[in-house]
Amino acid sequence: MIKVKNILKKDNLMSAAGLGVGSIAAEVVSSKVTPMILKSEAAQKFAPAVPILAGMVIQTGRGVTKSIGHGMIANGVANLAKEFLPATFKAQMGVGAYGGDVLMGVNGQDTLMGHSESYDYTSGEAGEMDY
């Protein structure tokens, strides 16, 4: 049985925080550091590997530093997979298949969940429901 007090231990919370910080750090490495390191067009094909390599170096540390490295590796591998997986596989898995504003449904149909810009919420009919 899972006990909440075991989940909320300091070590678990620090690991979770390290993973989150590592994920953010991987995004910073991808957007800021990688363009400074890989300046040529030919080297840009290795850009997705830079956060993974940085995470592998950082994860050799101790404590929260190790978790930060693991977060960087996880984020880097996820971004690498998103970039190189075939489109059919991504569509089957639901990874970026339908765009940003459709949470459920099939591409080309009405949005089931999300926003619709065709309704005027300022009209008189947009008030409370009549019971």
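Residues numbered from 1 in each chain as written. Predicted model: local features only at pLDDT ≥ 70, side-chain atom pairs only at ≥ 80, totals over all residues. Heavy atoms only, no water.

Q: Tell me about the nonpolar core, and please be specific about residues and values.
A: Core analysis: the largest hydrophobic core is formed by seven residues, namely A26, V29, L38, A43, A47, V50 and M72. Ignoring anything within four residues of it in the chain, the contact list for V29 reads T34, V50, P51 and M72. (Core = buried A, V, L, I, M, F, W, Y, C linked by side-chain atoms within 4.5 Å. Buried < 20%, exposed > 50% of the residue type's maximum accessible area, 1.4 Å probe, protein only. Contact = heavy atoms within 4.5 Å.)

Q: Please give an account of the environment of Q59 that cites residues and values.
A: Within the fold, Q59 resides in the loop between α3 (49-58) and α4 (64-84). Taking relative accessible area as the criterion, Q59 reaches 24% and is therefore assigned partly exposed. Sequence separation of Q59 and I73 is 14 residues, and the distance between their C-alpha atoms is 8.7 Å. If we skip the residues at most four places from it in the chain, Q59 touches T65, K66, G69, H70 and I73. (Helix = DSSP H or I, 4+ residues; strand = E, 2+ residues; numbered from the N terminus.)

Q: So, the confidence of the model for the chain: which residues are in play, and what are the values?
A: When pLDDT is averaged across the chain, the result is 78; 70% of the residues are at 70 or more. Here helix α5 (residues 87-93) is the element of the chain with the lowest mean pLDDT, 72, and α3 is the one with the highest, 94. (pLDDT = per-residue confidence, 0-100.)

Q: Residues and numbers for α3, please.
A: Turning to α3, its buried residues are V50, P51, I52 and G55. Where α3 is buried, its residues touch α2 (10-37) and α4.

Q: Which residues make up the packing of α3 against α4, and what values go with them?
A: Put simply, α3 and α4 touch, their axes get as near as 7 Å, and they point 160° apart. The angle between α3 and α4 falls in the class roughly antiparallel. Where α3 crosses over α4, the two elements pack in a sense that is left-handed. Two secondary-structure elements touch here, α3 through P51, I52, A54, G55, M56 and I58 and α4 through T65, K66, I68, G69, M72, I73, G76, V77 and L80. (Axes fitted to C-alpha atoms, helices over the stretch in contact; angles between N-to-C directions. Parallel < 35°, antiparallel > 145°, perpendicular 65-115°, else oblique. Left-handed = near helix turned anticlockwise from the far one by under 90°.)

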